[in-house]
Every structure is written in structure tokens, then in C-alpha cells.
Amino acid sequence: MYENSTADRYFTEEHQAFRQSLRSFVEREMTPYVEEWENLGRLPRELFRKAGEVGIQGVLFPEDVGGSNGDFFMQVVVTEEMSRCGAGGVCASLGSHSIGIPPVVKYGSEELRRTFAIPVIRGEKIAALAVTEPGGGSDVAALRTTAIRDGDEFVVNGEKTFITSGMQADVFTVAVRTDPDARGAGGISFLLVPGETRGLQRHELKKMGWWASDTAQLSFSDCRVPASYLIGEEGKGFKAAMMNFNSERLIIAVMAYSMAQVCYEEALAWAQQRRAFGSTLSEHQVIRHKLVDMAARIDAARCLTYDIIWRHMHSLDPLNLYVARTSMAKVTATDAMKFCADEAVQILGGMGFMRGTVSERIYREVKVLTIGGGTDEVMRNLAASQLGI
Amino acid sequence: MKVLVPVKRVIDYNVKVRVKADGSGVDLANVKMSMNPFDEIAVEEAIRLKEADKADEVVVVSIGVKQAQETLRTALAMGADRAILVVAANDVHQDIEPLAVAKILKAIVDEEQPGLVLAGKQAIDNDMNATGQMLSALLGWSQGTFASELDIDGDKAVVTREVDGGLQTIKVNLPAVVTVDLRLNEPRYASLPNIMKAKKKPLDEKTAAGYGVDSSPRLEVVKTTEPATRAAGIIVGSVDELVSKLKEAGAV
């Protein structure tokens, strides 16, 4: 695998300088503590602050809220480097604001930006996005949580589930139905709900993987929120939610091939050192071929993802093609991760089944990426419709 | 007070170094390069002096190939104010020897008139541990080497040095050359906003010849070899077994 550290068509010297800075940040501030956080079931707040300081939390956000106004490849750098810690839950929880805060930054009032967006980007507060409901996963248009206007307030009732950073979050960006009579995509708005709001209850969810991420089910019963906490125009939330999804899917693709690479690197190091039947594992053809198949899939997923981002940044394709290719990239990258995690555990043999190898952890993290941000099936359906199939 | 910090572009400390097939040195082609870690500590210390209002400008300088400007950008992203690149070689494999570096640095010190030169105690590539000392001799300045603590007290620098058997604290007159050791501080990470700002900071490009210094090597590398591979260890089952193995090996 090539060492992605020099400037090229996708990455400028600034991208690579930040990559280098992050490489040591992850090595020193994250990787040594991953096991501890996985067992704890959440990240220390200190990590959010440190990440804010180094600029991780504000990569894509404008400078007036404390961000760096970086391009999407800067986010790619962040995701690739953070993934090197080998724990998706760490990346997911630390990055929960990257889906929670964009609507506030883009459509929120000055008050909301100042009170919530800026502290989150500094790493002083934790933000989460709450869209999914127990009644329906990827189908945003079917959501049932209501926010009914009552004087200067909204009264929120309903349930949200699978909320990343949900146990610790100080602020939730919640997709709600402000017009209970509207069906489908109409009548959906985004409302900001502070974590300490009365009537908001959190329940911790236990998961197959991503243990370092505190995932919650939220229930809102008569939660009163100031009317000024409405983000953007009433009833225009659906489009904002959809906008979020495309970049989220690309980031999931980046995370998937990066995790695949961690598996590959662990398996390669083991195969080159472990001896069986008179030679190292990597000298046995069956293992050599496995390693090459892993490298090839990682490379393919990465090239596809880079190409989609680059062409989108240069406005070379119509939107439907961008959406279709994004969906296909997510499937391609999570397939690569599925394959590499499986083969890595196989190459590691008994060691791969033991807690303590990174591949064992990543093997348990495959499913969340083939489901979260749009399931493989939804991705294929979306690609088919966008391609006119 | 102005602080001058020389920084060297070296092979990244994480890279497994490979010896070139002809034994003339180590392979540096397409290998990840970074700032010498001791120099990073020197840059960090200089920035802290500035933040504590004990210095008002931090100037970083690198001497080597043109690509060393990446190293300077890193220092600027950490918080240095401006940078000077002295191109002294075209081939990444040509090392500039300590005396040549010290002579070029002296010329820069004459130009810039800093109150303090803060340098790494050595570079992790050749481990010469000579440049700072040579520079102080050429300048006729005081020196404090292997600093694990540094304080500026008026026109003096108080330097705590790591020596065999403990710590030694000395007071030297400024201007001075101070070389820094590992435990002086923990360098900050270059943050993204500061990396973006670093793009706009001034970086002057000069040449060794421009300073009248001949940077061609005086030393000839006779041979470079890989370290001997270590034999595999064994796991012993008990103290008795350990003692008997040690006896077998003639160690006790």
C-alpha cells in the first residue's frame, strides 16, 4: 500500500500537514486508550476538548463559528487518520456533531450558532443528531415525533433511537413533525433540544460493536423548548436531513476502507512474522493471495471514493449520478471492510478470535456500517432509481 | 528578544530504516520525512517563551534540501513567526555536516541578532550532537546543553541539564545557545486553523553559497550496515529453569 503523505491531485500540502499532525495526535491521545474507552462505554469529555483544540471538530465549518472552512478532502484526512486507532466507536462518538451541528450552522439563528454550534466546535459541548425512530429506520418521511407550538414554546413528544453520543450529548438536533396533519416529507422540521430539558429521558443501548460510543434511546414526554430553537424554516427539515445523508455516506465509505486497511496491516504484520510449516505465513501462497485480495479491495474502494468527491467538488456530474455513485461507494467500501475483517481474523487464526487484536474488534464493527447511514439494500435501491434502472 | 530555532528534516522516527544496497548510507527515496523530534521540542519551547512574553519573535531556519520547507511550514503551523530556508544540497542523501551547519547558522545569527538560539541536542538521523556546541564556539557565546528546564531571567538563561546521576542547574549570560533534551516539554500538535495560517507566514529562501559556506562533505562514509538481528527469546516456566538457563549461558 502506498504511504499517502505527499501532495497530489486530491490532497494539498495543507491536507498532508494536517494528516501528519493527526497521525501523532491519534497515536498519542487515542490509540493507547481505546481499550479503556471500549470498556467504559463512552469517551472522556477531555478527548472532545483536545480534538476541538487541534481543529478536528471544526474541519468543515465556516470560520465565523470557529471552524477551518476546509474542503471535503480535509474531512477525508480526519476520518482516515482517526480510523487508524482501530475503533469505529471512538470515531463515531467523537464525530457525532458532524451530523448534528450542520443544520444549526447552516440554518440556525445567530443565537443558536453562538450558544450551541461554537462550544461544540471548540469541543466544550457534545452534540448529537436524533432522526431515527423505533418505528422506522431509513424512512425519514415516516417519522412520528411531534413538536406542537404552544405560545413561545414547542412541546415535543415521541421516541428516538440508536442515537450516537446520546447518553452524553449536551444538545440534540431532533427531526420532528411540526405539522401533525402533514404526511410524508412535508411538515418535518429540525428543533434543537438541550440535553437537560425536563421530560427527556435517555436509555443506554448495548451493542455488538462500537462500544466506546454511548448510544441511546431517547424518549420525549412533554418536553418544552423555546420556539426560537427551531432550526431554519418550519416544515423544511426533510431536505436538510437528506443533504446531511450524502456526505455522511461518503464519510462512512472512508471509515470502512480505512478500517479495512487497519485489518490488512495487522494481518500482514502477523503473516510476515508467524511461522508455520517451515516458512512465514506470508510465504504461503494461500495467505499471500488473501493479502493481495484485501489490498486490492481497499485500494478500489478508496479510489472510487476519492473520485466521487473530486468530481463533485468540480461539479462535473448531475446530482443523480453523484447520489448513485455515493450509494455505490458506501456498499463497495463496506464490502471491502467485511471481506478484510473476515480474512484478517482468519489469518490471525486463534489470535484473531481473542479480545485484544484490532481485527477482532473491527469484525464486530462491520454490521453497523452496512446498516447505519442507509442500509446496503437502501443504497442499492437508491442507486438503481438514480441511475434510471 | 528574538529566538532562533534551527530545525532539521530527518527520516520519520516511525519509519523502519533500510540500508542502501551499496552500503553507502540509508535509503531516503520516497520515505516519510518529518521534523527532528528534538527540534520540535525546541520550537515548542520557543513558542512558550513567546506566549510567556519572554520572547517577541520566533524565527525557524532549516538547512538542507528544498523539501525542508515542509518542515519549516510545520514549525510555522506550531506557532513560529517566520522561516528561513537555506538550500545547501540537491540530493536528499547528502547530509550537511555539523560544522557547515554551524557556520551557516553563525552567518544567520550575525544577520538576525537573536538573543537566544534554541536547538535540538542532536538529530535522530546521524546522532552527531555537535551543531549547537560548534555554533556557540564560533559565536563566542555561552552554551547550555541538554536542557530539561529553561527559564529566562533578565539577561541570563537558567538551564537545568540532565547529566549522569542527576540534574545540574546553570546560569548563562545571554545571548546564548541552548540545546534541548527530550523531557523539556511535550510539543503541541499543529492545529488545522494554524496550518492554514502558516501558509501566509513569510518563508525566505537562501543558499549556502550565498553565505559563503562550502557545505560539501568532509567525511567519507566507508560502510553502512544493518544492525545484527537478535536471536529469538524463550519463555521459561519457573525460576529454577531461569537460573539453570542463565548458568548454561554463563551469565551467573
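Being a predicted model, the structure only gives us computed values, none of them experimental.

**Brief notes about the overall build of chain A**
- Regarding its fold elements, chain A presents 15 helices and 10 strands.
- Relative to the compact-globule value of 21 Å for 389 residues, chain A shows a C-alpha radius of gyration of 21 Å, a close match.
- Each of the three principal axes of chain A carries a C-alpha extent, and together these read 80 × 45 × 40 Å.
- Residues classed as buried in chain A amount to 57% of the 389 residues present.
- Pairs at least 24 apart in sequence give 75% of the contacts found in chain A among residues at least 6 apart.
- Carbon together with sulfur atoms contributes 53% to the accessible area of chain A, which is approximately 16,600 Å² in total.
- Looking at charge distribution, chain A has the averaged site of its 42 positive side-chain charges lying 3 Å from that of its 49 negative ones.

**Examining the packing of helix α3 (residues 98–112) of chain B against helix α4 (residues 131–139) of chain B**
Residues and elements named next belong to chain B.
- It is the contact of α3 with α4, at a shortest axis distance of 9 Å, that shows an interaxial angle of 50°. It follows that α3 is oblique to α4 by the angle criterion. The two elements α3 and α4 cross, and the hand of that crossing is right-handed. Contact residues: α3 offers P98, L99, V101, A102, K103, L105, K106, V109 and D110, while α4 offers T131, M134, L135, L138 and L139.
- Its residues placed into classes, the contact of α3 with α4 shows 10 nonpolar, 1 polar and 3 charged.

**Quick word on the interface of chain A and chain B**
- Opposite the 19 residues of chain A that make contact, chain B presents 16 residues.
- Overall, the association of chain A and chain B removes approximately 1,500 Å² of surface from exposure, summing both partners, and the carbon and sulfur fraction of that is 57%.
- Contact with chain B buries area across many residues of chain A, yet E14(A), Q20(A) and R28(A) alone supply 32% of it, more than any other trio.
- For the pair chain A and chain B, the number of links is 0 salt bridges.
- Inspection of the region where chain A meets chain B yields 7 residue pairs in polar contact (both at pLDDT 80 or more).
- Breaking the side of chain A that touches chain B down by element, the ones donating at least two residues are α1 (13–30) and α3 (45–54) of chain A.
- Counting residues per element, the side of chain A that touches chain B draws most heavily on α1(A), at 11 residues.
- Classifying every residue of the side of chain A that touches chain B by side-chain character gives 6 nonpolar, 6 polar and 7 charged.

Conventions adopted
Along each chain, residues carry numbers from 1 onward, in the same order as the chain's sequence is written. Chains and ligands are labelled sequentially in the order written, the chains with letters from A and the ligands with numbers from 1. Local features in this predicted model are restricted to residues whose pLDDT is 70 or higher, and side-chain atom pairs enter the listing and the counts only when it is 80 or higher, whereas totals over whole chains, interfaces and linings include all residues. The side-chain values count all of the structure's non-hydrogen atoms but skip hydrogen atoms and water molecules. Runs of H or I in DSSP of at least four residues are treated as helices and runs of E of at least two as strands, each being numbered from the N terminus. Note on method: radius of gyration uses C-alpha positions; expected globular size equals 2.2 Å times residues raised to 0.38. The buried label applies to any residue whose accessible area, calculated with a 1.4 Å probe on protein chains only, is under 20% of its type's maximum; exposed applies above 50%, and partly exposed to all values in between. Any two residues having at least one pair of non-hydrogen atoms within 4.5 Å are treated as being in contact. With residues, only the protein chains shown are counted as cover, and all accessible areas are computed by Shrake-Rupley using a 1.4 Å probe. Counted charges follow a simple rule, with Lys and Arg positive, Asp and Glu negative, and His plus the chain ends left uncounted. Positions of charges follow a simple convention, taking NZ of Lys, CZ of Arg, CG of Asp or CD of Glu. Here an axis means a line fitted to C-alpha atoms, over the contact stretch when the element is a helix, while the angle between two N-to-C directions is reported on a 0 to 180 degree scale. Each angle receives one of four descriptions, namely roughly parallel if under 35 degrees, roughly antiparallel if over 145, roughly perpendicular if within 65 to 115, and oblique otherwise. For any helix crossing, the convention is left-handed if the near helix is rotated counterclockwise from the far helix by under a right angle, and right-handed if that rotation is clockwise. Nonpolar residues are Ala, Val, Leu, Ile, Met, Phe, Trp, Tyr, Cys and Pro. Charged residues are Asp, Glu, Lys and Arg, and all others, Gly as well, are polar. Note on terms: buried area is the combined drop in 1.4 Å-probe accessible area of two parts once they are placed together, counting the loss on both. By definition, a salt bridge exists where a carboxyl oxygen of Asp or Glu is found within 4 Å of a side-chain nitrogen of Lys or Arg. Counting of polar contacts relies on pairs of N or O atoms within 3.5 Å, with two restrictions inside protein: one atom must be capable of donating a hydrogen and the other of accepting it, and residues adjacent in sequence are counted only when both atoms are side-chain atoms.

Fair warning: the whole summary comes from geometry, so function is off the table for now.
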